[in-house]
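Tertiary structure, described
As a plain string of letters, each chain reads:
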Amino acid sequence: MSEARTLPPGIMIAAPRSGSGKTTVTLGLLRALQRRGLRVQPFKCGPDYIDPAFHAVAAGRSSYNVDSWAMRPDHAAYILSDASQGADIVVCEALMGLFDGVSRPGLWGNGASADIAAATGWPVVLVLDISGQSQTAAAVARGFQGYRDGVTIAAVILNRAGSPRHIRFATDALERVGLPVAGALPRETGVVLPERHLGLVQAEETAELDSRLDALADFIEAHVDLDKIMGCAFRGRMEAGEPRPVPPPGQRIALARDAAFSFVYPHVLAGWRSAGAEILPFSPLADEAPDASADVVWLPGGYPELHAGAIASARRFKAAIFEFAQSRPVHGECGGYMVLGAGLIDADGERHEMLGLLGLETSFAVRKMNLGYRRAELVAPCPLGAPGDILMGHEFHYSCVLASPDAPLFKLENSDGEALQNGGSRRGFATGSFFHFIDR
């Protein structure tokens, strides 16, 4: 039976394309609203580990991903309502362009941020990069109005604005088409975000990041009408059935957690805990062994290529995992999968010996992007489920596979329904793949 879940007042920060300034606006806005004493709940549309880590520091609350392609609507509605309990306002950051998604629908949409805006009713604040244009910005924004039923453009924030005359030309044109301008951000080189590839590492080093976020909040406060932005926020609601819990991989889960193993979606951990599982974190970089009483070891993704030497020399960690895998399951996602392999070649061409529980050999010496949604059918039992189970998720890595001699774990398809290679590996109790699990 379908029911409507009521959501706090919220807005979505979106743009016509990537690189328009969504993240700058979102982070500065989160910190600025938090400094006003508001309880601000951040969300991120689509698969992304980097931005939510920044969100969490900026807002002081965990940021959750919501997705229309790889996440059931009941699960998305539950995450949105549960995480935002007690919040005064929600700020949801879009991905890419507002209407950008894949060509074929997944569980209930094509992955576009507009799916989330339409489902919740939260209005959109559009960030427009107006460098190299003025009145034409109104024509761009006009195209967003009425493009999709249920998606409302409430206001515009101009980015990379020049002179007051430049701002006036763009503002007058936008207001003529019924779009209020809530702020204009000048071309600014003094406010710089941490380097994106190392984002999660720096997001955990909050002393430096806090000062940068405060500088972003100062920047937003100086150039954006926060009262006008808050006035755009509208109470949301989402129709969905009662969510089915995703079973955890074990009752006691030993989870690798440090700078090399950072990529774990908060909704996955929350789901495990709500099902009664206990999370037992340990640090391979500190040469720690997993809790001996654990039922399963989970090695998430992250940046093992930046710490390959430390992992290779972590003798206690390696010996403990090898012993654990003789009788109990060990699963690796992406970076964790590479660590389960025999060897990893870093960007400088140096090979580092990994755990050797799988025969996988990977290399970063030649970078190749592998990116996209994935539909995975299990062909063997593992901590993710039983043979025949369908899992939804994504893949995002730059490594090349040099050898993968073990039996596959999945039948893997992309978002177009095309069969893919690299369906993971299994050997004994060790399993892994580049696939990041989102829902099933």
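My aim in this report is to walk through the structure given alongside it, one point at a time. (Residues numbered from 1 in each chain as written. Predicted model: local features only at pLDDT ≥ 70, side-chain atom pairs only at ≥ 80, totals over all residues. Heavy atoms only, no water.)

Section: the state of the cysteines
Using the following cut-off: When two cysteine sulfur atoms lie within 2.5 Å, the pair is treated as a disulfide. Partly exposed describes any residue whose relative accessible area lies between the buried limit of under 20% and the exposed limit of over 50%, with all areas from a 1.4 Å probe on protein chains only and scaled to the type maximum.
Scanning the model with the defined rule gives zero disulfides in all. Cysteine cysteine 382 shares no disulfide, and the gap to the nearest cysteine sulfur, in cysteine 334, comes to 16 Å. On the accessibility criterion, cysteine 382 (14% relative accessible area) is buried.

Details of the sheet that holds strand β23 (residues 436-439)
Strand pairing in a sheet takes place through backbone hydrogen bonds and is either antiparallel or parallel in direction. Selection criterion: DSSP calls a pair of strands paired once it identifies at least 2 bridges connecting them. Think of it this way: any DSSP run of H or I at least four residues long counts as a helix, any run of E at least two long counts as a strand, and we number them from the N terminus.
Taking strand neighbours across the sheet as the criterion, the five strands line up as β20-β19-β16-β17-β23 in an open arrangement whose pairing is antiparallel. Each edge of the open sheet is held by one strand with a lone partner, namely β20 (419-420) and β23.

Description of the packing of aromatic side chains
Threshold: Stacked, tilted and edge-to-face are the three classes assigned to paired rings of Phe, Tyr and Trp, where Trp is represented by its six-membered ring and a pair needs centres within 6.5 Å; plane angles under 30 degrees give stacked, over 60 edge-to-face, the rest tilted.
Taken as a whole, this structure holds 12 aromatic pairs when the rule is applied. Judged by centre distance (5.3 Å) and plane angle (75 degrees), the ring pair of phenylalanine 263 and tyrosine 303 falls under edge-to-face. Taken together, the residues span a long stretch of sequence, with phenylalanine 263 in the loop between β9 (252-256) and α10 (266-274) and tyrosine 303 in the loop between β11 (296-299) and α11 (308-312) at a distance of 40 residues. This pair shows no difference in class: phenylalanine 263 is buried, exactly as tyrosine 303 is. Seen in terms of ring centroids, phenylalanine 396 and tyrosine 398 are 5.7 Å apart; in terms of plane orientation they differ by 55 degrees. Their pairing is tilted. Take tyrosine 398: its relative accessible area is 25%, and that puts it in the partly exposed class.

Let's talk about the packing of helix α1 (residues 22-35) against helix α2 (residues 50-59)
Heads up, the rule is: Each axis is a line fitted through C-alpha atoms, and for a helix only the stretch in contact is used; angles between axes span 0 to 180 degrees, taken between their N-to-C directions. Each angle is binned into one of four classes, with values under 35 degrees roughly parallel, values over 145 roughly antiparallel, values of 65 to 115 roughly perpendicular, and all other values oblique. Helix crossings fall into two classes, left-handed where the near helix is turned counterclockwise from the far one by less than a right angle and right-handed where it is turned clockwise. Two residues form a contact once any of their heavy atoms are found within 4.5 Å. Residue type decides the class: Asp, Glu, Lys and Arg count as charged, Ala, Val, Leu, Ile, Met, Phe, Trp, Tyr, Cys and Pro as nonpolar, and the leftover types, Gly among them, as polar.
Across the interface, α1 lies against α2 with an axial gap of 8 Å and an inter-helix angle of 20 degrees. Classified by the interaxial angle, the pair formed by α1 and α2 is roughly parallel. Crossing handedness for the pair α1 and α2: right-handed. Where α1 approaches α2, its residues Thr23, Thr26, Leu27, Leu30, Arg31 and Gln34 are matched on the opposing element by Asp51, Phe54, His55, Val57, Ala58 and Ala59. Its residues assigned to classes, the contact of α1 with α2 comprises six nonpolar, four polar and two charged.

Things to note about the environment of valine 366
Looking at the secondary structure, you find valine 366 in the loop between β15 (361-363) and β16 (370-378). For valine 366, a relative accessible area of 58% gives the class exposed. Note: C-alpha distance between valine 366 and glycine 86 (280 residues apart in sequence) is 47 Å.

Quick word on the sheet that holds strand β13 (residues 343-345)
Pairing is mixed across the open sheet formed by four strands, whose spatial order is β14-β13-β15-β18. The sheet terminates laterally at β14 (351-353) and β18 (400-403), the two strands that pair on one side only. If you compare each strand with its neighbour and ignore which way they point, the axes differ by 25 degrees on average. By the bridge criterion, three bridges tie β13 to β15 in an arrangement that is parallel.

Comments concerning the nonpolar core
Rules: Here the nonpolar core consists of buried residues drawn from Ala, Val, Leu, Ile, Met, Phe, Trp, Tyr and Cys, with membership extended through side-chain atoms lying within 4.5 Å.
Ile11, Met12, Phe43, Leu98, Leu174 and Phe410 are the most contacted members of the largest nonpolar core, which totals 108 residues. Among residues more than four places away in sequence, those in contact with isoleucine 11 are Leu29, Val90, Val91, Cys92, Trp122, Pro123, Val125, Ile229, Cys232 and Ala233. Membership of the second largest hydrophobic core comes to 31 residues, among which are Ala308, Val339, Leu340 and Leu355.

Quick word on a nonpolar patch on the surface
Stated precisely, the cut-off is as follows: Only residues whose relative accessible area exceeds 30% and that form no salt bridge enter a patch; like-charged residues are grouped when within 9 Å of one another, and nonpolar side chains (Val, Leu, Ile, Met, Phe, Trp, Tyr) when within 5 Å. Computed with a 1.4 Å probe, the accessible areas rest on the Shrake-Rupley method; for each residue, only the protein chains presented here act as cover. By definition here, a salt bridge exists when the distance from a side-chain nitrogen of Lys or Arg to a carboxyl oxygen of Asp or Glu is within 4 Å.
Together, Met369, Leu371 and Phe396 make up a nonpolar patch on the protein surface, roughly 300 Å² of accessible area in all. If you trace the backbone, methionine 369 turns up in the loop between β15 and β16. Overall, methionine 369 belongs to the partly exposed group, its relative accessible area being 44%.

A short note on the pattern of salt bridges
Oppositely charged side chains can pair when the atoms bearing their charge come close. As enumerated under the stated definition, the model contains 22 salt bridges in all. Note that aspartate 129 is salt-bridged to arginine 17, the shortest N-O span being 3.2 Å. Taken together, the residues aspartate 129 in strand β5 (residues 124-129) and arginine 17 in the loop between β1 (3-14) and α1 connect sequence positions 112 residues apart. By relative accessible area, which is 15% here, aspartate 129 ends up buried. In this structure, glutamate 361 engages arginine 351 in a salt bridge whose closest nitrogen and oxygen atoms are separated by 2.7 Å. Taken together, the positions of glutamate 361 in strand β15 and arginine 351 in strand β14 put the pair 10 residues apart, joining distant regions of the chain.

A closer look at α2
Of all 10 residues that make up α2, nine are buried, and the element is covered over most of its length. For α2, the complete set of buried residues consists of Ile50, Asp51, Pro52, Ala53, Phe54, His55, Val57, Ala58 and Ala59. Positive phi appears at glycine 60, one or two residues downstream of α2, with a value of about 75 degrees.

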